[in-house]
Amino acid sequence: MVENENQGLEEAEEQSAPSSSYEALAGIGNEEFKPEPWYLSLGRGILNVVLKCLIWVLSFLIDVVLGLCKIVAFVFKAIAGIFVGAYYLVRKFVRIWRDVDWSYRLGFIVQGAGNLRAKQWLDGFVFLGVEIIFVLYMALFGGGFIADLINLSEEPEIIVRPGGGTMAMPGNNQLVLLLGVLTIIICVAYALLFITGIRAMYDTHQIVHQSEYSKARADAAYVIDHYNEFSKEVDGHRKYLADMGRKEVFDLMQLKYGYSRRSAAYISYVYWKKVKKTEPNALENLSFNLRKRFYEFYKDKAVWMRARTWCSPLERFLFPKEPKLVIKGGIAYLAEKQKQENTVFHHKFDKYNDYHSFLRDEKTIIRVFDQGEKLYDALFARDPVSQSNGIKPLPFGSKLRYGMTVTRVVGAFEIPLDMAKKVTKVALRSLSAALKTGSAEEEAREAVLADFEKIRGVHEARVEDFVEKYGETPIRQSEAMAKAYRSYLELRRFYDEGDRVFTSALVNAYGLSPENAKRVYRDYKFTIAGTKDDEMESIKFLETRAGFYDSYTESIKKTPHHGKPTGSLKRVKEFADEKFAISVMTIPTLGAIIVTILPLICSIIVGFTNWDADHTANLFTWDLSGFSQVFNVFGSTSGASSYGGTFVRLLGWTIVWAIFATFTNYIAGILLALLINRKTIKGKAIYRTMFVLSIAIPQFITLLAMNLLLSSEGPVNSFLMTTFGFNVKFFTDTANMALIPKVMCIIVNMWIGVPYTMLSVSGILMNIPEDLYESAKIDGAGAFRQLVSITMPYVVFVTGPSLITTFVGNINNFNVIYFLVGTRGPNKGMAPLVSTAADTDLLVNWLYNLCTGVEKNYNIASVIGLAIFAVCAFLSLVVYNRMGSVKNEEAFQ
Amino acid sequence: MKARRIIGDIVVYIILTILAVIWVLPIVWLVLQSFSARGYGGASSFIPTEFWFGNYAGLATNAVVSINGSTASSMYNFFGYVENGTLYLGAFVNTLLIALFCMVIATIMTLATAYAFSRLRFKARTGFMRVILILGMFPGFLSLIIMYWFMDTIGIRQTIWSLIIIYSGGAGMGYYISKGFFDTISKQIDEAAMIDGATRFQIFYKIIMPLSKPIVVYTALTAFMSPWGEYITASYVLGSANVEKTNWTVAILLNNMLAVEDGRRGKYWGQFCAGAVIVAIPVAIVFLCMQRYYVSGVTGGAVKG
């Protein structure tokens, strides 16, 4: 079987290589197996690694270039996206504004008004409260904060002294900055909440008026389905409905076809949004032949294409002469989509209302209490499920434990836990009431069962009420509407008597609600006016309308509409379930905003000011000097100290440091782990503990100890002095751009970094499946071969992605340099470096010196911080996107 | 073959032993020096010439004690003291409080974030993850300056509360390893529980948490250790000259012991070493005991990258 399947493959292999794997396998028994000589495997291993590294570096470089392109594209897209997004948002809000009535429209100004109107007390008061707080905040403080931020003042503030006279008080610009940014963040948050609020209001509105929305969608689907009929009926000089504007479609639908306002609006919206797009642009100038060839080629695919892409630009290009065809194909697709949308609509609002869940729960309760005897048995563990589980039946009068009883009810009726709890509580209450009378078991049982019967009756009545209110009424109304439209001859005389008589007749004789009666009157009015009192014509039009209500009745029966938004308690409970993400993420997000995003924005802003020694915290203003000083690299490297020159020099050292610090730790850590985890080594735990000791102790202690150990007065130097007669300035040597201190920093960093890698690699080594080695041994692989082919790939695969985090961590590794070299490193302030930088300083250390020293060049520090940030963010984004585990996250779980 | 293995073993033993000695030597030196009677100038020998317990005693009484028994005025407040019936907390107690608070807050936040990213599917989830990845690249020190103003504005500058907020505020952003661990737990467990009617909260609390002991321990451990030995933030927020030393943490206190005084460095050298040993012992013990969890936490979480 397998041979058959692989035959083709093997044939191909045989052609290319004479000894296929199959033959090699067969030959094992005959020939003596010679393991590969070690130098060959070593050479191949090295070659392999080098090649892989090269490929990785190459692809990484390509990724970098791609990433740069992507960033440019992203920036453009983001800018365009903001505008387009805002446009869509406004358009949507305009639509919502049109859809809802005035009380909901109030929600655009007073958040939560719409929710309160729909008796959504919780949402309403929350939105309202937030709005009040926000408005108060903005009126009292926020507006001022933002105004201050825009006009960062260089002028001192003049304050009138209490005793008389004035005093120049420096304005507190750093406070202005902080509060301004905080206010901006609050405004953005409020804007998001505003959008959420409007959406919540609209959702509520749609639930309450679900019948109308549902109908509007069904109507739209109907019109699209019967597009051709509709377009034929439109005025003669207009060929297609699509030629009309939205307003015209709206009027047409409402006046001529008698659709409700919402339906007409929705249909015209669909046309405006979708059908209009299909109208082909006249591309008359294109070569006819070319078009024809394309058309022949794509003829078969045309239907598919239309359905698939809903009139792509290509299609518009290919079929400029075939508007009918395109529209026809598109209409079919659109109608299908419209029907789907209707279903989605129902599904969406099923989640947000109590109709189904209420009915389901009530029906469960009724079912349970309907089988009163079974429930009674379950309470006393006399039911079959309990018997089969080996639970002893409880005698009458024994104390029933609530938890156990609930479990038995779940088992007996196979209902969810929360339902069982509800049922059990009620059942136990009636049981204890029966027990209180002190009667014998039979009597008590009778009483309890009677009580169960009563409970069932109560619930049945509730269900009936509920269905009557939210389920049956719309169906009856819809049927009555259809009937009213069909009774033209009967109603015509009431029409002449005026709207009051007409509507009251409808209300009394047909059982319509006053609103629906008004609607019918309006339709009569339009129809009679539109047909100029031509009786046959009027009946025809009204019949169409009645037809819609027939189909509407059908659709309600299929998907009952609900009209009752979820209650407050349930909405709170959702935060433990569907909305658990919100409850879980809120506090971490707030924390991140305060601790990271707020400072980030403030720092970016500081980069655009002139906050330095000359312009103190109180007297800085908007300026770009920071950027120009740091990035004016080429203009001022000649001899004199400049920020640009310093930046380039320290950036070079930072990158060298990050590469060395990362890879020395990584490689040494893996080697150490391999040594420790050698199978024959004993006392692994002791060795590991000794190594781990250097990371178990806080870093500032170990690093300070190292600093002192290697300092000029320390024991190492005095030992060198007494024994060899010289000493080494480990951390203060200035020669060769402070080469010795730099190397020492990397070495000491190994001391505190290698154990981390060792620990995690040890864990990974233990996880490598043993049978991999077994099979390798059978294949004759030596220890080295096993290391190269099994261990290393596994370890590198698992730990590789963490390298980027380590790399970025090392770029920002402040501690090592700070504690080993201190803030006064070698060559501090020497010629090409500015006074705040030393040769051993990483960019972050320089940043620290800039901020804490005398100069306090916050603007330059911010610019440098942003530069570091940009480099790190770019690198990690590139690598992050390369990680397979990110790409197929779902597949991993 | 066997001879080769034995030779290999011996070589590995020798290498490991040499490395281990190198690794432990500075720490041994530090411990030995904590019994040194002399200042740093006398530390040129590896083993102190005289052994003396006065450094530890001095820490307990907040006094600089010299070898001839004379006691200087109260200098450094390590464990706290009582003055006029008021208890002043020392640096050690402060640090312990900060670390414990951070441990609780940060662990909850990290695990919650990791759980949300691993198990819950919500809008903008990947967007959140990317934003967090990028935000993590921002040099912490710049944020620190602005956090300092912020703490100033809300009036808790130079208290341990400001440190607790700064340390644990962004804890949710370090969710990676925990998320990796949660990813390894089969999703079918969730689904089964959901069918039984458990809410997401119940799944998190009653099912995932008991299964994730290593990662809880690991998270708590790192959340405790990082504020315990942190210097830069603490010194920037609490360490300015005008603040009372009652709010200091051990890192500031010990670093200040090495400051230049009377023209020379390390007047309190012995006391620095003693303090360092006392600070290091609890975390070292915790870390060594919890090593197992640390390894399984890191590797369990790292498998997914």
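Keep in mind the model is a prediction, meaning the values are calculated, not measured.

## Re the overall build of chain B
For step 1, the next point in the chain: On a plain count of helices and strands, chain B comes out with 13 helices and 6 strands.
For step 2, the next point in the chain: Burial analysis of chain B (305 residues in total) assigns 46% to the buried set.
For step 3, the next point in the chain: Long-range contacts, defined here as pairs at least 24 residues apart, represent 67% of the contacts in chain B between residues at least 6 apart.

## Quick word on the overall build of chain A
For step 1, the next point in the chain: Looking only at helices and strands, one finds 39 helices and 2 strands in chain A.
For step 2, the next point in the chain: A burial count over chain A gives 34% of its 893 residues as buried.
For step 3, the next point in the chain: The long-range share in chain A, meaning contacts at least 24 apart out of those at least 6 apart in sequence, stands at 66%.

## Some thoughts on the packing of helix 23 (residues 514–530) of chain A against helix 24 (residues 535–558) of chain A
Residues and elements named next belong to chain A.
For step 1, the next point in the chain: Packing of helix 23 against helix 24 leaves a shortest axis separation of 9 Å and a crossing angle of 145°. Seen along the crossing, helix 23 lies across helix 24 with a hand that is right-handed. Contact residues: D523, T527 and I528 in helix 23; S538, F541, L542 and R545 in helix 24.
For step 2, the next point in the chain: Across the contact of helix 23 with helix 24, the residue classes tally to 3 nonpolar, 2 polar and 2 charged.

## Regarding the interface of chain B and chain A
For step 1, the next point in the chain: Opposite the 77 residues of chain B that make contact, chain A presents 84 residues.
For step 2, the next point in the chain: Only helix 1 (2–33), helix 3 (91–119), helix 4 (125–135), helix 5 (140–153), helix 6 (160–169), helix 9 (200–211), helix 12 (250–257) and helix 13 (269–302) of chain B provide two or more residues apiece to the side of chain B that touches chain A.
For step 3, the next point in the chain: For the side of chain B that touches chain A, the leading source of residues is helix 13 of chain B, giving 14 residues.
For step 4, the next point in the chain: Residue classes in the side of chain B that touches chain A are distributed as 53 nonpolar, 18 polar and 6 charged.

## Considering the pairing of strand 4 (residues 86–89) of chain B
Residues and elements named next belong to chain B.
For step 1, the next point in the chain: Judged from the 4 bridges that link them, strand 3 (residues 80–83) and strand 4 form a sheet pairing that is antiparallel. Across the sheet, residue E83 finds its bridge partner in strand 4, namely T86.
For step 2, the next point in the chain: Linking strand 3 to strand 4, which pair antiparallel, is a turn of 2 residues; within it N84 sits at a positive phi near 50°.

## Overview of unusual backbone geometry
For step 1, the next point in the chain: At K119(A), a residue that is not glycine, the phi angle is positive and equals roughly 60°.
For step 2, the next point in the chain: Tracing the backbone through its elements, the reader meets K119(A) in the loop between helix 5 (113–117) and helix 6 (121–150).
For step 3, the next point in the chain: In this model, A124(B) sits at a positive phi of 65°, which is unusual for a non-glycine residue.
For step 4, the next point in the chain: The topology assignment puts A124(B) in the loop between helix 3 and helix 4.

## Some details on the domain arrangement of chain A
Residue and element names in this part refer to chain A.
For step 1, the next point in the chain: Taken domain by domain, chain A consists of domain 1 (36–99), domain 2 (210–351), domain 3 (355–466) and domain 4 (640–883).
For step 2, the next point in the chain: Relative placement of domain 1 and domain 4: their C-alpha centres are 28 Å apart.
For step 3, the next point in the chain: If you look at the interface, domain 1 gives 7 residues, while domain 4 gives 8 residues.
For step 4, the next point in the chain: By residue class, the composition of the side of domain 1 that touches domain 4 is 3 nonpolar, 3 polar and 1 charged.

## What about the nonpolar core?
For step 1, the next point in the chain: Ranked by internal contacts, the top residues of the largest apolar core, which has 174 residues, are L820(A), L847(A), I864(A), Y115(B), L163(B) and A276(B).
For step 2, the next point in the chain: No other element matches helix 3 of chain B, which puts 14 residues into this core.
For step 3, the next point in the chain: Ignoring any residue separated from it by four or fewer positions in sequence, one finds Y115(B) in contact with V584(A), F182(B), F204(B) and I208(B).
For step 4, the next point in the chain: Judged by nonpolar contacts, the second largest core, of 43 residues, contains I224(A), Y259(A), Y266(A) and A482(A).

## Considering helix 7 (residues 176–184) of chain B
For step 1, the next point in the chain: Counting buried positions along helix 7 of chain B yields 8 of 9 residues, so the element is predominantly enclosed.
For step 2, the next point in the chain: Within helix 7 of chain B the residues assigned to the buried category are Y176(B), I177(B), S178(B), K179(B), G180(B), F181(B), F182(B) and D183(B).

## Quick look at the environment of I145(B)
For step 1, the next point in the chain: With respect to the element layout, I145(B) can be found in helix 5.
For step 2, the next point in the chain: Once the C-alpha coordinates of I145(B) and Y236(B) are considered, the two residues, 91 residues apart in sequence, prove to be 8.1 Å apart.

## Quick notes on the confidence of the model for chain A
Residues and elements named next belong to chain A.
For step 1, the next point in the chain: Looking at chain A as a whole, the pLDDT averages 77, with 81% of positions reaching at least 70.
For step 2, the next point in the chain: Low confidence marks residues 1–21, where pLDDT is under 50. Its contacts with residues over four positions away, or in another chain, come to 5 contacts.
For step 3, the next point in the chain: This stretch, residues 297–312, has a pLDDT under 50; its non-local contacts, to residues over four places away or in other chains, come to 20 contacts.

## Some remarks on helix 16 (residues 372–379) of chain A
All names here are of chain A.
For step 1, the next point in the chain: Turning to helix 16, its buried residues number three or more, namely L375, A378 and L379. Projected down its long axis, helix 16 shows its buried positions confined to an angular sector of 100°, all on one face.
For step 2, the next point in the chain: On its buried side, helix 16 packs onto helix 15 (355–370), helix 18 (402–413), helix 19 (417–436) and helix 20 (441–486).

## Some remarks on the packing of helix 30 (residues 699–709) of chain A against helix 1 of chain B
For step 1, the next point in the chain: Packing of helix 30 of chain A against helix 1 of chain B leaves a shortest axis separation of 10 Å and a crossing angle of 85°. It follows from the interaxial angle that helix 30 of chain A and helix 1 of chain B lie roughly perpendicular. Each of A705(A), M706(A) and L709(A) in helix 30 of chain A lies in contact with helix 1 of chain B, whose residues at this interface are P26(B), W29(B) and L30(B).
For step 2, the next point in the chain: A per-class count over the contact of helix 30 of chain A with helix 1 of chain B returns 6 nonpolar, no polar and no charged.

Reading the values: rules and limits
Residues numbered from 1 in each chain as written. Chains lettered and ligands numbered in written order. Predicted model: local features only at pLDDT ≥ 70, side-chain atom pairs only at ≥ 80, totals over all residues. Helix = DSSP H or I, 4+ residues; strand = E, 2+ residues; numbered from the N terminus. Buried ≥ 20, exposed ≤ 12 C-beta atoms within 10 Å, placed from the backbone. Contact = placed C-beta atoms within 7 Å. Axes fitted to C-alpha atoms, helices over the stretch in contact; angles between N-to-C directions. Left-handed = near helix turned anticlockwise from the far one by under 90°. Nonpolar A, V, L, I, M, F, W, Y, C, P; charged D, E, K, R; others polar. Pairing = 2+ DSSP bridges. Domains from an automatic or database assignment. Core = buried A, V, L, I, M, F, W, Y, C linked by C-beta atoms within 7 Å. pLDDT = per-residue confidence, 0-100. Arc of directions from axis to C-beta. Parallel < 35°, antiparallel > 145°, perpendicular 65-115°, else oblique.

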